[in-house]
Each structure stands twice: as C-alpha cells, then as structure tokens.
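These are the residues of each chain, in order.
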Amino acid sequence: MSNDSATPVVQARDVHKTYGFGEVEVHVLRGVSLDVQRGDLVAIMGPSGGGKTTLLNCLSGLDDIDSGLINIGGSVLSKMNDTEKTRFRATRMGYIFQSFNLLPALTALENVEIPLLVSGFPKRRPIRRRRSAVAR
C-alpha cells in the first residue's frame, strides 16, 4: 500500500467465515466488505450472534477467513503464518475490550508484560517495591 491518504488502513473484501458443528454449518460472515481510513472512528453494532466478534477476530488474524481478503496497513493477513500474525498483532494492533480479559493466574503487571515480551522487549529484572512510609 502507498502512503496515499485515500488508501484504507483496514480493508476487508468479500470476507466469508463459516463455523461447522457436526452436520450444521453456521455462515457467520457472508461477503463482508469494509474500508477504514486513517483517523476514522468505527462502531460495529448488531444483535447478539450477528458476527461482530467474529469480524473483529478475523480482522486481527485471530481467526482465519474461508475466503475474501483482509489487508491491514498493507499487510495481507492470509499470507502470514500464526507466528507472523502474533508478532503483527503485538507490534501493530491494539484492542480495547469491554471487559478486562486478564489471565486470572497472573498479576496485573504480568498481564501487561505479556504483549511486551511477545513484541520483543527484553525481559527486565523484577520491579522492587518499596515499602511505603505508612506501612513502616
């Protein structure tokens, strides 16, 4: 992609995603197309079970699509393997969730540290906490 301001930073073309449950197939995304320009604010709205989360998972490479094209900032997700998609998400994407989505077995600091480690930041010595004057 060029740096042209008319070039979308998020582009989805004729995206299809189907989940299979035994003999039942659920067509969640049926030909979804979307362009998001730099600076756009987008809301994805619809009924429960309408495919909103599936669309976001596909746009981030968490789920693979059955057909179509997803291009994020000049990178075509279907051309990436799982490791490349993980690194791409860690270095080029951010999500804001409705709920915290923290791993309960980890501390808040450890939860924040995970994406930093995936993106290649060097692991540092543990933070030493000073006792406050109140606790003394």
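Calculation rules
Residues numbered from 1 in each chain as written. Predicted model: local features only at pLDDT ≥ 70, side-chain atom pairs only at ≥ 80, totals over all residues. Heavy atoms only, no water. Core = buried A, V, L, I, M, F, W, Y, C linked by side-chain atoms within 4.5 Å. Buried < 20%, exposed > 50% of the residue type's maximum accessible area, 1.4 Å probe, protein only. Helix = DSSP H or I, 4+ residues; strand = E, 2+ residues; numbered from the N terminus. Contact = heavy atoms within 4.5 Å. Patch = residues over 30% accessible without salt bridge, like charges linked within 9 Å, V, L, I, M, F, W, Y side chains within 5 Å. Areas by Shrake-Rupley, 256 points an atom, 1.4 Å probe, with all protein chains shown as cover. Salt bridge = Lys/Arg side-chain N within 4 Å of Asp/Glu carboxyl O.

## Let's talk about the nonpolar core
Now for step 1: Within the largest apolar cluster, 14 residues are counted, with the highest numbers of intra-cluster contacts made by Leu29, Leu59, Ile70, Ile72 and Leu77.
Now for step 2: Listing elements by their share of this core, those giving two or more residues are strand S1 (10-21), strand S2 (24-36), helix H1 (52-59) and strand S3 (67-72).
Now for step 3: Excluding residues within four positions of it along the chain, Ile72 makes contact with Val9, Val10, Leu59, Leu77, Phe88, Arg92 and Met93.

## Remarks on a nonpolar patch on the surface
Now for step 1: A cluster of nonpolar residues, Val42, Ile44, Leu56 and Tyr95, forms a patch on the protein surface that exposes about 300 Å² of accessible area.
Now for step 2: Residue placement: Val42 occurs in the loop between S2 and H1.
Now for step 3: The class of Val42 is partly exposed, set by a relative accessible area of 45%.

## Brief notes about the environment of Val36
Now for step 1: Among the structural elements, Val36 can be located in strand S2.
Now for step 2: Counting along the chain gives 26 residues from Val36 to Val10, while the straight-line C-alpha distance between them is 5.0 Å.
Now for step 3: Setting aside chain neighbours within four positions, we find Val36 in contact with Pro8, Val9, Val10 and Val42.

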